[in-house]
Amino acid sequence: MEPVSVGLVGAGPWAEMVHAPELAAGPHTRLAGVWARRREAADELAARHRVPSYERLEDLFDRCEAVAFCVPPAVQAELAVLAAKAGKAVLLEKPLAADLDGARRLADAIGEAGVASQMVFTFRYSPATTAFLERARALRPYGGHASSLSGVLHGGAFATPWRLERGALLDIGPHVIDLMDAALGPVASVRAHGDPLGWVGLLLDHTGGAVSEVSLTMAGSGDLPPTRVDVYGAEGSATLLGSEIGDDAFAAVAREFAGTVRRGGGHPLDARHGLRMQEIIADAERQLA
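Just so it is clear, the structure is predicted and the values come from calculations on it, not from any experiment. (Residues numbered from 1 in each chain as written. Predicted model: local features only at pLDDT ≥ 70, side-chain atom pairs only at ≥ 80, totals over all residues. Heavy atoms only, no water.)

1. Looking at the overall build of the chain
Alright, step 1. When helices and strands are tallied, the chain shows eleven helices and eleven strands.
Alright, step 2. Expressed as lengths along the three principal axes of its C-alpha atoms, the size of the chain is roughly 55 × 40 × 35 Å.
Alright, step 3. Residue burial in the chain is summarised as follows: out of 289 residues, 55% are buried.
Alright, step 4. Of the contacts formed within the chain by residues at least 6 apart in sequence, a portion of 71% connects residues at least 24 apart.
Alright, step 5. Split by element, the accessible area of the chain, about 12,300 Å² in all, is 51% carbon and sulfur.
Alright, step 6. Positive and negative side-chain charges in the chain, numbering 27 and 36 respectively, have mean positions lying 3 Å apart. (Helix = DSSP H or I, 4+ residues; strand = E, 2+ residues; numbered from the N terminus. Buried < 20%, exposed > 50% of the residue type's maximum accessible area, 1.4 Å probe, protein only. Contact = heavy atoms within 4.5 Å. Areas by Shrake-Rupley, 256 points an atom, 1.4 Å probe, with all protein chains shown as cover. Lys, Arg positive; Asp, Glu negative; His and termini not counted. Charge placed at Lys NZ, Arg CZ, Asp CG, Glu CD.)

Here you go:
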């Protein structure tokens, strides 16, 4: 299969650490160039991978088949619409947008344009997660619990303005809710309490009768445990630890995205799935407001 030429929108820490090197590494994708609001950052990242940087976003679109986004949610919701209208397949970060209206506009634009889309729910691309979900579904599961604890809000490269404003629910929530959704069945409703900038607790009801609890914080300190997901059922239990995910998950993202582009769509973690996760998050945020 000919490598898919992918333009990268964004040149921040995550783009530098993950998106750019993995898309450039091949063999399934080829990094076609970089665009970012900060031209100096785009130039530096592009030079590191020996690809062009572009002053105009439209010029990047003209030179690639697909576009990967690594920008804040509100920016993604705006710029990915332009990519879809330009006929480009899109690789999207979670959350899909900063708010539900933006997520709906983006998902609708992708659907109307008929372009392929895929979400970067990183956990889901790991062999450890695949094995966990197979075990969990075989348990005749009736419930579960997940926790994701970090100190991101205290500083560092990922203490970005949108995370400092919205907290754990919008940032980590999509990952963990997606895992519970995959293990126990589609989430039918959510009840939320707590503070997104402190501790958030979620009670999820799943179609089929299972229930699960989710605990989230990005305000932790000290030696915190890894993200953990436990599922219980009539046939036993299954556990997934974040430390099991490994460093090759994004290589699988790039490989699967190339296949999605070549097929013209059809990935289970597409923009509509991202919209469904955002609807759950929006409902929880309304309860916490």
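Now that the structure is up, let's keep going.
2. Concerning the environment of Tyr-142
Alright, step 1. Examined against the element boundaries, Tyr-142 turns out to sit in strand S6 (residues 141–149).
Alright, step 2. Linking Tyr-142 and Leu-184, residues 42 residues apart in sequence, is a C-alpha distance of 7.3 Å.
Alright, step 3. Not counting chain neighbours up to four residues away, the residues in contact with Tyr-142 comprise Ala-210, Val-211, Tyr-232, Gly-233 and Ala-234.

3. A look at the side chain of Ser-150
Alright, step 1. Within the secondary structure, Ser-150 sits in the loop between S6 and helix H7 (161–166).
Alright, step 2. Classification of Ser-150 by relative accessible area gives buried; the value is 19%.
Alright, step 3. Of note is the side chain of Ser-150, whose polar atom sits 3.4 Å from the backbone nitrogen of Val-152. (Polar contact = N/O pair within 3.5 Å; in protein donor to acceptor, adjacent residues only side chain to side chain.)

4. With respect to the packing of aromatic side chains
Alright, step 1. Scanning the model with the defined rule gives one aromatic pair in all.
Alright, step 2. With a centroid separation of 6.0 Å and an interplanar angle of 75°, the aromatic rings of Trp-14 and Phe-158 are classed as edge-to-face. Highlighted residues: Trp-14 in helix H1 (residues 13–25) and Phe-158 in the loop between S6 and H7, separated in sequence by 144 residues.
Alright, step 3. For Trp-14, a relative accessible area of 30% puts it in the partly exposed group. (Phe/Tyr/Trp six-rings, centres within 6.5 Å; stacked < 30°, edge-to-face > 60°.)

5. Some words on the sheet that holds strand S5 (residues 117–120)
Alright, step 1. Taken together, five strands build an open sheet; the order of strands is S2-S1-S3-S4-S5 and the sheet is parallel. Where the open sheet ends on each side, the last strands, each with one partner, are strand S2 (29–35) and S5. The sheet shows a mean angle of 25° between the axes of neighbouring strands, taken without regard to direction.
Alright, step 2. Relative to S2, strand S1 (residues 4–9) runs parallel, the two sharing six bridges. Bridge pairing in S2 places Val-4 opposite Thr-29. (Pairing = 2+ DSSP bridges. Axes fitted to C-alpha atoms, helices over the stretch in contact; angles between N-to-C directions.)

6. A closer look at the pattern of salt bridges
Alright, step 1. Under the definition given, this model contains 17 salt bridges.
Alright, step 2. Between Arg-262 and Glu-65 there is a salt bridge; the shortest N-O distance is 2.6 Å. Here Arg-262, found in helix H10 (residues 249–263), pairs with Glu-65, found in the loop between helix H3 (57–62) and strand S3 (66–69); they are 197 residues apart in sequence, far enough to count as distant.
Alright, step 3. By relative accessible area, Arg-262 is classed as partly exposed at 35%.
Alright, step 4. Note that Glu-285 is salt-bridged to Arg-166, the shortest N-O span being 2.9 Å. Of this pair, Glu-285 sits in helix H11 (residues 271–288) while Arg-166 sits in helix H7, and the two are 119 residues apart along the sequence.
Alright, step 5. On the basis of relative accessibility, which here comes to 21%, the residue Glu-285 falls in the partly exposed class.
Alright, step 6. Several salt bridges converge on common partners, so that one network encompasses Glu-16, Glu-44 and Arg-48. (Salt bridge = Lys/Arg side-chain N within 4 Å of Asp/Glu carboxyl O.)

7. Points about the sheet that holds strand S11 (residues 236–241)
Alright, step 1. Taking strand neighbours across the sheet as the criterion, the six strands line up as S7-S8-S9-S6-S10-S11 in an open arrangement whose pairing is mixed. Edge positions in the sheet fall to strand S7 (187–194) and S11, since each has one partner strand and no second. When strand polarity is set aside, the average angle formed by the axes of neighbouring strands in this sheet is 15°.
Alright, step 2. Contacting S6, strand S10 (228–233) and S11, helix H6 (residues 127–137) runs over the sheet at an angle of about 165° to S11.
Alright, step 3. Contacting S6, S7, strand S8 (199–206), strand S9 (211–217), S10 and S11, helix H9 (residues 173–184) runs over the sheet at an angle of about 165° to S6.

These figures capture arrangement, not role.
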